[in-house]
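Fold and geometry: a report
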Amino acid sequence: MANRFAARNRLHAIALTTACSFVMAPPSGASAQTPRTLLEQGDVVAGKTVTNIRSFDVDVAGRWSAIVDLEGLGLAGLLDGSPLAVPGQALANGDVPVSVTSLDLDGGGCWALRYTTAAFPHGRLMVDGAVVLSEGDSVDAFGVGPSATVTRLRAVVLRRPYLLVGATIEAPGMGSFDAALQFLETSPMRFDPLAMLVRTGAPAPVPGQVEDLISMPALGPGGDYLIPYTFNGTGGTDLPAGDFNGSTAFVTGTNGPWPGTSWMPIWPRVAVGDGVGYVVASTIEFGPDPAIGVVAHVHLGMTTLLAQENQLFLPRPGAFVDDFHTTDVALTDDGRAFFAVPLVGGSTVLSDGREILLEEGAAVFGGATLTRLFVETTLSVSGRPDTVHVSPDGQFVGVLCELDGGRLALVELELTVGSSEACGTRPNSTGAIGLLTASGSSAAVANHLRLQASDLPPGVFAAPLVADDQGSVPGFGGGAGTLCLGPSIGLMATSALPTDAGGAAVFPVDLMALPQPGGTVAAAPGETWRFQVWYRDLDAAGGTSNLSTVVAVTMR
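What counts, and where the lines are drawn
Residues numbered from 1 in each chain as written. Predicted model: local features only at pLDDT ≥ 70, side-chain atom pairs only at ≥ 80, totals over all residues. Heavy atoms only, no water. Helix = DSSP H or I, 4+ residues; strand = E, 2+ residues; numbered from the N terminus. Buried < 20%, exposed > 50% of the residue type's maximum accessible area, 1.4 Å probe, protein only. Areas by Shrake-Rupley, 256 points an atom, 1.4 Å probe, with all protein chains shown as cover. Disulfide = S-S within 2.5 Å. pLDDT = per-residue confidence, 0-100. Contact = heavy atoms within 4.5 Å. Pairing = 2+ DSSP bridges. Lys, Arg positive; Asp, Glu negative; His and termini not counted. Salt bridge = Lys/Arg side-chain N within 4 Å of Asp/Glu carboxyl O. Polar contact = N/O pair within 3.5 Å; in protein donor to acceptor, adjacent residues only side chain to side chain. Axes fitted to C-alpha atoms, helices over the stretch in contact; angles between N-to-C directions. Phe/Tyr/Trp six-rings, centres within 6.5 Å; stacked < 30°, edge-to-face > 60°. Patch = residues over 30% accessible without salt bridge, like charges linked within 9 Å, V, L, I, M, F, W, Y side chains within 5 Å.

Let us look at the overall build of the chain. Secondary structure assignment for the chain yields 1 helix and 47 strands. Relative to its full complement of 556 residues, the chain shows a buried share of 57%. Per element, the accessible surface of the chain, about 20,900 Å² overall, is 54% carbon and sulfur.

Take a look at the structure:
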């Protein structure tokens, strides 16, 4: 397990940088690639076995974070497969974590780590290696006062320059209460309190008061927020409600998404984009059916239904959505919602409301099978069910699922970039034409592009070629294929590797050092680079090699 995990992440890893504020739009006409396993039960991290995956996140470059249970150690934080915070091991600032309580990855790659220590202060919040808030610190946010003290850190969401912190506050004349505080980064690694958004004990939008802030808040990069909370309803029952940018988003028993509907007392799952409203998944009462699961996108006062149980599911004509109470949701900065729902007589599917991106029974890169997508699951340490996360640009989707054999796993689904170009490619010895696609990001600054080859012979050596123009050289290298690149062609020798048992391979591309006859060059926005894989292939005609199809990627 340890060797497989290390090899997988060598292909996936990319150096983190401090420039983590870029956000990119998804490419048009994108389609789903085969998902790749990032982490699973049984992997070995820091010499210990991963026994559970509690929460995770992904960013615009496909990097990921996760909180995991390490056997014999407790909760630890991982960043792109490497240990970030492990109980008993000192951090760069000298703190020795006892436990990691949350790890949030900003869309651009920055991270916020909440952990506990045995020393005072007990709990601390670190952003990109710098402690920005500790239990015991005073906080002067609007509505709190300069003498208020943070006695407990409860939750954190980072979307630079904003930071949303759930905390227990002790304030003169107000006693102890839980609150959601918004911070603004006024200088590098300095987050100043901006406002107290919601607090317990305050009046709720219906008769009663806010009782608890137990669900994870959602935050967009422009400062938009949605904070779920409970209020004391009739009969002393605590019921869910939500505050979106200071206005009521949903209230149990009232305020349904359509006339004649009302929200039921089931915790909604929410996500916020950048000026595109929010998406909510929960259960409503409507007509003769007292419980209907729905996924809806709310923006500018208009509600768009994405999925409703017992109704047709548009991405799959003729299929109906099966019963469900709630599902985890994710929202991109341009308003694309991602969610999972079960279909009647079929499997659970992951969709963006327009197409099905992944479903149970799908193959996972490397030969595994995805046997279960989670629709309902127990809460993670962060106070929410972590089953689906999406990068702000919609390019990378992380899914918590089960693989064959019951292994809990975190897989990443990438959307393709670039386009295929026609060329005289010939079938190889398997009878299929070698296919090449590109995934990751077409942004040169992100430097996170990968080539994915499939339908090649198993166990053969393969190497990608690159050029900035088209060409046509039949029988290239004495083989059966046609080279479709030219005239200046570079061999990406450092990316060469053998195909796996299924005839597939993934090649990392360094956009900062593309090989050319005169040396390496860096890709720049506006340029179009073409890639083709040259591979060993002993066919009946006596050829010794072949070439894949071509994928062209225009840089942004």
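Another aspect to go through is the state of the cysteines. Within the structure shown, the criterion is met by 1 disulfide. Paired by a disulfide, Cys 423 and Cys 484 hold their sulfur atoms 1.3 Å apart. Residues Cys 423 and Cys 484 share a disulfide whose torsion about the S-S bond is about -75°; that sign makes it left-handed. Of this pair, Cys 423 sits in the loop between strand E35 (419–421) and strand E36 (435–440) while Cys 484 sits in strand E40 (residues 482–485); the two residues are 61 residues apart in sequence, bridging distant segments of the chain. Assessed through its relative accessible area of 5%, Cys 484 is described here as buried.

Right, let's talk about the confidence of the model for the chain for a bit. Averaged over all residues, the pLDDT of the chain is 85; the fraction at 70 or higher stands at 90%. Low confidence marks residues 1–31, where pLDDT is under 50. Its contacts with residues over four positions away, or in another chain, come to 77 contacts. This stretch, residues 377–384, has a pLDDT under 50; its non-local contacts, to residues over four places away or in other chains, come to 22 contacts.

Before going further, it helps to spend a moment on the pairing of strand E21 (residues 269–272). Of the two faces of E21, the one carrying Arg 269 and Ala 271 and the one carrying Val 270 and Val 272 are both buried. Pairing between E21 and strand E22 (residues 278–286): 4 bridges, direction antiparallel. Residue Arg 269 lies in a different strand from E22, and its bridge partner there is Ala 281.

Take the side chain of Asp 243 next. With respect to the helices and strands, Asp 243 occurs in strand E18 (residues 238–244). Despite being buried, Asp 243 has no salt bridge partner; Arg 199 is the closest side chain of opposite charge, sitting 12 Å away. One polar contact links the side chain of Asp 243 to the main-chain amide nitrogen of Gly 246, over a distance of 2.8 Å. In this structure, Asp 243 is in contact with Val 198, Tyr 225, Leu 226, Ile 227 and Tyr 229, ignoring residues within four places of it in sequence.

Here we take up the pattern of salt bridges. Counted by the stated rule, this structure contains 18 salt bridges. Put simply, Asp 106 and Arg 159 hold a salt bridge, and the shortest N to O gap is 3.6 Å. Of this pair, Asp 106 sits in the loop between strand E7 (97–105) and strand E8 (111–117) while Arg 159 is found in strand E11 (residues 149–159), placing the two residues 53 residues apart along the sequence. Take Asp 106 and Arg 159: they sit in the same class, and that class is buried.

Right, let's talk about unusual backbone geometry for a bit. The residue after Arg 160, namely Pro 161, is reached through a cis peptide bond having omega 15°. In this fold, Pro 161 is placed in the loop between E11 and strand E12 (162–171). The omega torsion of the bond from Gly 486 to Pro 487 falls at -10°, within 30 degrees of zero and hence cis. If you trace the backbone, Pro 487 turns up in the loop between E40 and strand E41 (489–491).

Now for the sheet that holds strand E27 (residues 348–351). Read across the open sheet, the 4 strands follow the order E25-E26-E27-E28; overall the sheet is antiparallel. What marks the edges here is a single partner per strand, and that holds for strand E25 (329–331) and strand E28 (356–359). Across this sheet, the average inter-strand angle for adjacent strands is 20°, counted without regard to direction. Judged from the 3 bridges that link them, E25 and strand E26 (residues 337–342) form a sheet pairing that is antiparallel. When the sheet's bridge partners are listed, Ala 330 is paired in E26 with Phe 338.

Looking now at the sheet that holds E8. In a beta sheet, neighbouring strands are held together by backbone hydrogen bonds and run either parallel or antiparallel to one another. Sheet architecture is open: 4 strands sit in the order E7-E8-E9-E10, paired in antiparallel fashion. Bordering the open sheet on either side are E7 and strand E10 (130–134), each of which pairs with just one other strand. The mean inter-strand angle of the sheet, taken between neighbouring strand axes irrespective of direction, is 25°. Pairing of E7 with E8 involves 7 bridges; the strand directions are antiparallel. Directly across from Leu 105, in E8, lies its bridge partner Trp 111.

With that settled, the discussion passes to the packing of aromatic side chains. Using the criterion set out here, one finds 4 aromatic pairs in the structure. Both rings, one in Phe 244 and one in Tyr 278, keep their centres 4.8 Å apart while their planes meet at 55°; by these two values the pair is tilted. Here the residue Phe 244 occupies a position in strand E18, and Tyr 278 occupies one in strand E22, the gap between them amounting to 34 residues. Each of the two residues, Phe 244 as well as Tyr 278, counts as buried. Ring plane angle 80° and centroid distance 6.4 Å describe the contact between Phe 313 and Phe 339, whose orientation is recorded as edge-to-face.

The next thing to look at is the pairing of strand E3 (residues 48–58). Relative to E3, strand E2 (residues 44–45) runs antiparallel, the two sharing 2 bridges. Its bridge partner lying in E3, Val 44 is registered against Thr 49. From the end of E2 to the start of E3, which pair antiparallel, there are 2 residues, and Ala 46 there has a positive phi angle of about 55°.

Turning to a nonpolar patch on the surface, a few remarks are in order. Taken together, the side chains of Leu 312, Phe 320 and Val 344 make up a nonpolar region of the molecular surface, amounting to roughly 280 Å² of accessible area. Tracing the chain through its elements places Val 344 in the loop between E26 and E27.

Right, let's talk about the side chain of Thr 332 for a bit. Along the chain, the position of Thr 332 falls in the loop between E25 and E26. A distance of 2.8 Å separates the side chain of Thr 332 from the backbone nitrogen of Arg 336, its partner in a polar contact. Apart from the residues lying within four places of it in its own chain, the contact partners of Thr 332 are Gly 273, Val 276, Phe 338, Val 390, Ser 391, Pro 392, Asp 393 and Gly 394.

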